[in-house]
Amino acid sequence: MLARVRILVATLWAGSLWAIGFIVAPTLFGTLSDRVLAGNIAGSMFRAEAWLSIACALILLALLQWAPGALELKRRRLLGALVLSMLVCALLSHFGISPLMAELKAQASSGIMDEAMRSRFGMLHGVSTVIFAVQSLLAGVLIWKQQ
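Peer 1: I'd like to hear about the overall build of the chain, residue by residue, with values.
Peer 2: For the chain, the helix and strand inventory stands at four helices and zero strands. Going from N to C terminus, the chain has its helices and strands arranged as α-α-α-α. Across its three principal axes, the chain shows a C-alpha extent of roughly 60 × 25 × 20 Å. Residue burial in the chain is summarised as follows: out of 147 residues, 36% are buried. Counted over contacts in the chain with a minimum sequence separation of 6, partners at least 24 positions apart contribute 71%. When the accessible area of the chain is evaluated, it comes to approximately 8700 Å², of which 70% is carbon and sulfur surface. Here the chain contributes 12 positive and 6 negative side-chain charges, whose respective centroids are spaced 17 Å apart.

Printed below as a string of structure tokens:
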């Protein structure tokens with residue numbers, strides 16, 4: 001039973017990452033003519049995703065600890081390392097990079113950034129994208145290694 005719950009939580013986590021990052025956010029920017037609005041909506045969705053990531057990580061780590069006999073030690077360590085790595089990605093992005101991006105947005109007068117701010121925002125967005133891509137790839141490995 002715990003193994004099925006673990007698979008369900010991992011699938012929820014991976015699916016939400018992939019849906020928001022690779023379907024919802026690109027659709028927002030492709031559909032809405034106002035890029036600031038699209039960015040604000042996407043940002044809200046990524047904030048919700050970060051909290052979902054934290055919750056899923058904590059649940060998965062607890063499930064891995066509660067069912068030690070159900071999984072061999074090597075597999076439990078691998079799954080734990082994957083979950084912790086994904087959690088680190090979520091924490092870095094949500095508590096490290098996102099606040100810096102929000103600060104730049106807040107400093108922009110009338111919502112318009114100067115060249116230096118745009119450049120810094122773009123760099124932070126690029127780092128955030130790489131972290132999200134790593135987390136998404138790790139999610140695929142996590143799902144793959146469940147059985």
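Peer 1: Help me get a handle on the environment of Arg118, residues and values and all.
Peer 2: Along the chain, the position of Arg118 falls in helix H4 (residues 115-144). Here Arg118 falls in the partly exposed class, since its relative accessible area comes to 44%. When the C-alpha positions of Arg118 and Lys105 are compared, they lie 9.4 Å apart, and in sequence the two are 13 residues distant.

Peer 1: Break down the packing of helix H3 (residues 73-107) against H4 for me, citing the residues and quoting the values.
Peer 2: Remark: H3 packs on H4, axes separated minimally by 9 Å, with the N-to-C direction vectors making an angle of 160°. Considering the angle they form, H3 stands roughly antiparallel to H4. Two packed elements cross with a definite hand, and for H3 against H4 that hand is left-handed. Residues belonging to the contact of H3 with H4 are distributed by class as follows: 21 nonpolar, six polar and two charged.

Peer 1: So what's going on with the packing of helix H1 (residues 2-31) against H3? Which residues, and what values?
Peer 2: At a closest axis distance of 13 Å, the pairing of H1 and H3 adopts a crossing angle of 35°. As H1 packs across H3, the resulting crossing turns out to be left-handed. On H3, the residues touching Arg6, Trp13 and Leu17 of H1 are Leu79, Val83, Met86 and Leu87. Considering only residue class, the contact of H1 with H3 consists of six nonpolar, no polar and one charged.

Here is what the cut-offs are and how they apply
- Residues numbered from 1 in each chain as written.
- Predicted model: local features only at pLDDT ≥ 70, side-chain atom pairs only at ≥ 80, totals over all residues.
- Heavy atoms only, no water.
- Helix = DSSP H or I, 4+ residues; strand = E, 2+ residues; numbered from the N terminus.
- Buried < 20%, exposed > 50% of the residue type's maximum accessible area, 1.4 Å probe, protein only.
- Contact = heavy atoms within 4.5 Å.
- Areas by Shrake-Rupley, 256 points an atom, 1.4 Å probe, with all protein chains shown as cover.
- Lys, Arg positive; Asp, Glu negative; His and termini not counted.
- Charge placed at Lys NZ, Arg CZ, Asp CG, Glu CD.
- Axes fitted to C-alpha atoms, helices over the stretch in contact; angles between N-to-C directions.
- Parallel < 35°, antiparallel > 145°, perpendicular 65-115°, else oblique.
- Left-handed = near helix turned anticlockwise from the far one by under 90°.
- Nonpolar A, V, L, I, M, F, W, Y, C, P; charged D, E, K, R; others polar.

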